[in-house]
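# Per-entry structural report
Here's the letter readout for the chains.
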Amino acid sequence: MILTALAAILGMIPLAGSIFWGPMAITIMGGLFVATALTLLVVPALYALWFRVRSDETADAPAFHPQQMESFAGDLEPIRIAAE
């Protein structure tokens, strides 16, 4: 997401010097920058506030245990697709 927004913002730089397209390019660049910042900073903060996520709760969350994955018996057959 960041690279996509950055590519679009940087792609508007040549248009920013134009008299005709310049104001639109600057507006698009600013809007993409603000939207990306809101998506990366404000949305996760609002999620944490809304659902009352605390750091002590995330410390107690179950983690990935490789021992549990080793105990999995790989006896399952793959799903057959009709195109095969």
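Look up: the structure comes first, before these words.
Residues numbered from 1 in each chain as written. Predicted model: local features only at pLDDT ≥ 70, side-chain atom pairs only at ≥ 80, totals over all residues. Heavy atoms only, no water.

Taken N-terminus to C-terminus, the directions of helix α1 (residues 2–11) and helix α3 (residues 22–50) make an angle of 165 degrees; their axes are 9 Å apart at the nearest point. Relative to α3, the element α1 lies roughly antiparallel. Our pair here, α1 against α3, has a crossing hand that is left-handed. Across from I2, A5, A8 and I9 in α1, the residues of α3 making contact are M29, L32, F33, T36 and L40. (Axes fitted to C-alpha atoms, helices over the stretch in contact; angles between N-to-C directions. Helix = DSSP H or I, 4+ residues; strand = E, 2+ residues; numbered from the N terminus. Parallel < 35°, antiparallel > 145°, perpendicular 65-115°, else oblique. Left-handed = near helix turned anticlockwise from the far one by under 90°. Contact = heavy atoms within 4.5 Å.)

What follows covers the environment of L6. Inspection of the secondary structure assignment puts L6 in helix α1. Judged by relative accessible area, which is 41%, L6 ranks as partly exposed. Distance from L6 to L32, taken between C-alpha atoms, is 8.4 Å for residues 26 residues apart in sequence. (Buried < 20%, exposed > 50% of the residue type's maximum accessible area, 1.4 Å probe, protein only.)

On to the packing of aromatic side chains. In this structure the tally under the stated criterion is 2 aromatic pairs. Ring centres of F20 and W21 lie 4.9 Å apart, and the angle between their planes is 90 degrees; this geometry places the pair in the edge-to-face category. Under the relative-accessibility criterion, W21 is labelled partly exposed at 42%. (Phe/Tyr/Trp six-rings, centres within 6.5 Å; stacked < 30°, edge-to-face > 60°.)

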